Amino acid sequence: MTGVVTSAGGLLPDRHPQVDFFLCDIFDAIPKDDLATMEHPVFSLSTRPDRRILSYEHNGTMIEVTPSVKGLATIHDKDILIFCVSQLMAAINAGRGVSRTLTLRAHDLLVATNRETSGDAYRRLVESFERLAGTRIKTNIVTGDAEVTSGFGLIESWEIVRKTRGGRMVSVAVTLSEWLYRAVLSKSVLTLSRDYFRLRKPLERRIYELARKHCGKQDHWRISVETLLKKSGSASPRRVFRKMIRDMIAANHLPDYEMSEEEGDIIRFTSRARVLDSEGPQLPPLKSAALERARDMAPGWDVYALEADWRAYWAASGKPKLHSSEQAFLGFVKTKVAKGR
């Protein structure tokens, strides 16, 4: 594990044409996560059955998550979706045909997501499938350039295809939601560290997702505690949430990123590897006056998240030469506010 500081009890041990179904048989597929659920809180961070109806709205994005009698899908249940997305992306990159219905070996899923392979682990896997299928999402999040307000399950259906004589699942067929499958086909995904699956606490996983989504190839990302609390989906009061964040800073075992606290109730995420594109120009730091102007233009928005989005947009646009970084940033903010996202 490169660049990750461990602490006692902190990390788990390292243990073509359209087809009717896709067989998950790509060994060591790189972990991939979809951008939409990395950006916005969809999964419960509770370790107990969570039967709340979750509502979230931020900068024009609306999400309502309704549980089944089994409770909301959890951040650990999401491992199944990450495994499926990873397999599909590996196949697409290899030029293979894919389908919304995947057939996977339960043992491969457990191993890939750093889970035990005991009988109890298979039982918990069944419970995860039930929560994923039962949890209903209503949202206007765009996936694959399609913006519709619709309701759906995180997975459409699942069934055990083959069992052992003792009743333990061997293989299972999963049909992903059209919403998630569309995100995969449009390659709206990001690579995760394999150490993500070693993070024990739900909040650690969620915070890593946010850092990975917003930091990208920049050397750092800054966000207010208030906005971080909202985007994390944590149900904790701000005082308790701030204490949990400080504990994470002290533990210092978040993959890829080091966390620190700055004045003004700001949390800074710094890339451990300083993953920067060393070729071509780099943008200078923005002047504080530009950030203050952005706050006036976009009241209620997180200016540091806006700055991160702007820098990512500039890099993706080929790093064009700018007459004024501040004016370019403010123009970007103006466009974002006009679009409502």
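Not measured: the values here are computed from a predicted model.

Cut-off values and rules
Residues numbered from 1 in each chain as written. Predicted model: local features only at pLDDT ≥ 70, side-chain atom pairs only at ≥ 80, totals over all residues. Heavy atoms only, no water. Salt bridge = Lys/Arg side-chain N within 4 Å of Asp/Glu carboxyl O. Buried < 20%, exposed > 50% of the residue type's maximum accessible area, 1.4 Å probe, protein only. Helix = DSSP H or I, 4+ residues; strand = E, 2+ residues; numbered from the N terminus. Phe/Tyr/Trp six-rings, centres within 6.5 Å; stacked < 30°, edge-to-face > 60°. Lys NZ or Arg CZ within 6 Å of the ring centre and 35° of its normal.

1. Brief notes about the pattern of salt bridges
A complete count under the given rule lists 26 salt bridges for this structure. Salt-bridge contacts for D195 lead to R198; the nearest nitrogen and oxygen are separated by 3.5 Å. Here R198 falls in the buried class, since its relative accessible area comes to 10%. In this structure, E226 and R238 form a salt bridge, with 3.9 Å as the shortest nitrogen-oxygen distance. Placement of the pair is E226 in helix α7 (residues 225-232) and R238 in helix α8 (residues 238-251), with a sequence separation of 12 residues.

2. Regarding the packing of aromatic side chains
In this description, a pair of aromatic rings is defined by centroid distance and the angle of the planes. Per the stated rule, a full pass over the model turns up seven aromatic pairs. Their ring planes at 80 degrees and their centres at 5.4 Å tell us that Y196 and F197 sit as a pair that is edge-to-face. For the pair formed by Y196 and F197, the shared burial category is buried. A connected cluster of aromatic rings, assembled from ring pairs, spans Y196, F197, Y208 and Y257. The aromatic ring of Y196 is capped on one face by R205, whose charged end is 5.0 Å from the ring centroid.

The values are spatial; any link to function lies outside them.
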